[in-house]
Each structure stands twice: as structure tokens, then as C-alpha cells.
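# Inside the fold
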Amino acid sequence: MDTSNPSEVLHESQLTPMQWLILVLGALVSMVEGFDIVVIAYAAPAISADWGLSAEKMGLVLSAGVLGMTLGAMFLSWIADRYGRRIAVSGSLLVAGLATGAIIFASSVWELIALRAVAGLALGLLVASLTPLMGEFSPLRHRMLIISILVAAASAGAVAGGLITAAFISSHGWQAIFLYAGIITLILAVLIQLLVPESIAFTIKRHPEIALEKVNRTLSYIGQATVTHIPPVSDTVKTESASVTSLLTAGRRQATLLSWSAFFTGFVVVYFISSWMPQVLSNSGLTQEKAIQATAAIPLGSIIGTMLMGYLGQRIPINKLIAGGFVFGTACIFLVGSMSNDLGQIPYSLILTMLFFIGISLMGAFSNLYNIVMVIYPAQIRSTGLGWAAGLGRAGAVISPILAGLLMGLGVSMPVLFTLFAVPALAAAACVWMIEPKELP
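Worth saying up front: this structure is predicted, and the values here are computed from it rather than measured.

The rules behind these values
- Residues numbered from 1 in each chain as written.
- Predicted model: local features only at pLDDT ≥ 70, side-chain atom pairs only at ≥ 80, totals over all residues.
- Heavy atoms only, no water.
- Helix = DSSP H or I, 4+ residues; strand = E, 2+ residues; numbered from the N terminus.
- Expected span 1.5 Å × (residues − 1).
- Bend = angle between axes of the 7 residues up to and from the residue.
- Phe/Tyr/Trp six-rings, centres within 6.5 Å; stacked < 30°, edge-to-face > 60°.
- Buried < 20%, exposed > 50% of the residue type's maximum accessible area, 1.4 Å probe, protein only.
- Axes fitted to C-alpha atoms, helices over the stretch in contact; angles between N-to-C directions.
- Parallel < 35°, antiparallel > 145°, perpendicular 65-115°, else oblique.
- Left-handed = near helix turned anticlockwise from the far one by under 90°.
- Contact = heavy atoms within 4.5 Å.
- Salt bridge = Lys/Arg side-chain N within 4 Å of Asp/Glu carboxyl O.
- Core = buried A, V, L, I, M, F, W, Y, C linked by side-chain atoms within 4.5 Å.
- Polar contact = N/O pair within 3.5 Å; in protein donor to acceptor, adjacent residues only side chain to side chain.

As a further point, take helix 18 (residues 382-409). Along its 28 residues, helix 18 runs 42 Å from first to last C-alpha, staying within 8% of the 40 Å computed at 1.5 Å per residue. At Ile399, helix 18 shows its strongest bend, of approximately 30 degrees, with the proline Pro401 following within four residues. The positive-phi residue at the C-terminal boundary of helix 18 is Gly411, with phi of around 90 degrees.

It is worth spelling out the packing of aromatic side chains at this point. As enumerated under the stated definition, the model contains 13 aromatic pairs in all. Note on Phe75 and Trp388: the rings are 5.5 Å apart at their centroids and 75 degrees apart in plane angle, and the pair reads as edge-to-face. Of this pair, Phe75 sits in helix 2 (residues 55-75) while Trp388 sits in helix 18; the two residues are 313 residues apart in sequence, bridging distant segments of the chain. Here Trp388 falls in the buried class, since its relative accessible area comes to 14%. With 5.7 Å between their ring centres and 45 degrees between their planes, Phe267 and Tyr271 make a pair best called tilted.

Running from N to C, helix 15 (residues 318-339) and helix 17 (residues 369-376) point in directions that differ by 155 degrees, and their axes come no closer than 10 Å. With respect to helix 17, the axis of helix 15 lies roughly antiparallel. Once helix 15 is placed against helix 17, the crossing between them reads as left-handed. Between helix 15 and helix 17, the contacting residues are Ile318, Asn319, Ile322 and Phe326 on the first element and Leu369, Asn371 and Ile372 on the second.

A few words on the side chain of Ser259. Relative to the helices and strands, Ser259 is located in helix 12 (residues 253-283). The residues contacting Ser259, other than those within four sequence positions of it, are Tyr377 and Ile435.

Take the pattern of salt bridges next. Evaluated as defined, the whole model comprises 8 salt bridges. The partner of Arg217 in a salt bridge is Glu213, with the nearest N and O atoms 3.4 Å apart. Residue Arg217 and its partner Glu213 are located together in helix 9 (residues 211-222), separated by 4 residues, close to a single helical turn. Ionic contacts of the salt-bridge type, sharing partners, join the residues Asp81, Arg85, Glu136, Lys205, Arg382 and Glu439 into one network.

Once that is clear, we can look at the side chain of Thr185. Mapping Thr185 onto the fold places it in helix 7 (residues 174-195). Leaving out residues up to four positions away in the same chain, Thr185 has contacts with Val32, Asp36, Leu93, Ala96 and Gly97.

A few words on the nonpolar core. Membership of the largest hydrophobic core comes to 104 residues, with the highest contact counts inside it found for Ile273, Phe326 and Leu355. Residue contributions to this core peak at 14 residues, all from helix 12. Not counting chain neighbours up to four residues away, the residues in contact with Leu355 comprise Met277, Leu281, Ala294, Thr295, Ala297, Ile298 and Val336. Ala64, Val109, Ile113 and Leu115 belong to the second largest nonpolar core, which has 21 residues in total.

Here we come to the environment of Thr245. Residue placement: Thr245 occurs in helix 11 (residues 244-247). Separated by 97 residues in sequence, Thr245 and Asp342 have C-alpha atoms that sit 50 Å apart. Among the polar contacts listed, one links the side chain of Thr245 to the side chain of Ser243, at a separation of 2.7 Å.

Next comes the structure, spelled out in C-alpha cells:
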């Protein structure tokens, strides 16, 4: 046991082969989660053409999954804090896999909407439970980096899924993509349930009276030394409810409201960039192909920036790093906006570079918000805290594209529009800066 941090039972820096296996499984789950979230967007053109769907009905299909994720993250995350991380992860994968695979039997748009909503609910719970499970099997010294890699894996899954879908959808049909995604998700559900034990931190906080035997069994399984005692747990911790009220106690209220605000404003600017950048680039004179290729530089930068900040977060306070990323990202957004009317005259390599740096800074900072939430909440309410932050934040994802469309419809110029959407990035930076990265009692 780490005597410098008595709440830690795992070795501070050691990673055993079994821990590596658990973390690799977690990364694969994160990749599948990232693909499952966006697979409907990749298949949307084929579905619309096949079923003759209007843009309005296709919009309902696309929104169903996002709404389901929001509700699942907020209102189902308590399951992971009450019944355990492993059952929440494997159960959510099971439901998401069944709902995704069942799309091959859908015969109407309303069945498709219902299945996407169910999958979204499960994926919302998965987002809130996977990160705590993997984080609690990570050694303290490397935890932020591991969580950052986990979050980056979701982006990598979305990118890889797009390439796979593009290659196979014309020859296999859009239904087959959902079938294969569902099968892979179900396989991972079984592997998680069979190979990954329950989180040690959850066991200690929720069942301290019988924890020693279970913890030592888990430590032996993952190849770490057993312990003679476990950290003491107060009666308050044992009985604390996994609910939003626990996030808003006097000692946690400020950090909770700041984290919610950071997620909300972060989602506003991130979804503006991801939703409208191809259109902005096309309107500025780039060909459609070049606009899509340039936009792809953003998620590539995001993967690098997410892991880079996670690595540096082992040495520099993570709240300062994230705030700095948002500020630098704001400068990049402002620069792109100021040139937006003349992008066709700017060297293409410079456009790629600017968007790549938006990915590294802005998207990297946004992804590492998960690390802040993991740090500030204790194990007994960690999934609930993450679920509510991510769920409420997604309201910003819903509002952002609509607001941008309205402003464009009113004739707001591109430089002004980019300047307006740079403001939420600065707000996110200010909120994160004020969150002290330490566990709150």
C-alpha cells in the first residue's frame, strides 16, 4: 500500500501484465464506444437513400442517440456507483450491442429511432462507468496519462470506424455495418465480465466490511502484492447515496458547478468546430474533398493533444494545462475566423496546420476534462459525477449547431461567428482554472 497516499492500494507505479490486459480491453471498449456513437452519422446518407427519408426524419434519427446518451449519463450513472463498475460496463455493452445489431431488423424510421435511443442510453452509462473502472485499475503515477489514452481511443475508434464504413458500406450494405458493430460490442461485453474484476476502490468504499478478502483476491489476480489491511472508511462514505445531491454538498458544490460549466461551454465550442468546419471551408472556396480532408486534421490533433496533456499532467497541475489548452485553442479559432473570408487564397498546408493545432489544444483540453472529474470526486460517487458533468455538458452540444445555424441565417459574418464561439472556450478555461485538482471529501 502506498503510505504517502493511504487511499491507494495499488502500487503507485507498477503495471502488471494482467493490468495491461485490463487496460487494453478498456481501450478497445473505448474505441468501439467511439464508433458506436458516430456509426449512424456515417450510415445516414445510405439510410436516407434506401428508405427515402426526409432531412427532418433523418435528423430525428441522429438526435435520438445523442439524447439517449445525455439521459443515460445523467440518470443511469448511479448504477456504477451502487452496483459496481464492471457490471455497469459489461451490462451497458450488452444492451448497446443488442440494440445496435437489432437495427438490421428495423423496418421503419420509428423503430430505428427507438433502437438508437436505447443504444444511446447504454452508451451514456458506459461513458460514466468505463473511465472510473480503468482509472481505478491504473497506478496513481500514470493514471492521468492512461485516462487520456482511453479518451483518445474513442476518437481513434470514430476515425477508424469511418474508414471501415466507407470501405464496406457499398459492398455489404449499411445494415451489415450495424450487425458487425453489434457483434463486436457483445464480444467485448463478455470479455469484460469474464476477465476484469470489480474495481478495488469501489469495493473498499462500498463494502469495507468484507473488502479485505475481495481486495486481496483481486490483487492476486492482477499480480500485485496483497495487503494486511485496507484504508479506513467512515460510515458516511459507506452510506452516501450515488445521486446528484451528493455532488452538491457544501464542500463539493463549487467544484461541481464549475465542472458542469466547463463541460457545457466546452461542448458548445467543440461541436461548433466539428459540425460547421467542413461547411465553412467549402464556403470559403475549398473543394469539398479538401474541406473534408482539412477537417480530419482536427481529430488527429485531438488524439495527440489528449495524450500529450495526460502525459504532462503527471508533472504539471492538470487544471492549468487544460486552461492553457483552451486559451491557445481560442487564439487558433480567432485566427481561422479572421482568415475565413480568404481561406481560398491561403496555402492549404497552413490551413491544415491551423486546424491541427486546434485539435491539439482545444480538443485535447476538452478531452482531459474527464481527468478533472476523476480527480475531484471520491470513488463512491465518481461515476455519478462524471455522468452528470458529461450529460449536462451535452446540452451545449445540442444548442451549439442550432445557434450557429441561426446566426448564419441572420447574416453574421464568419469572422464574427468564430469570435463569438471563441468566448465559450475562454469561459471553459476560466472554470477549469478555478477547480483545484484534488479529491473532495
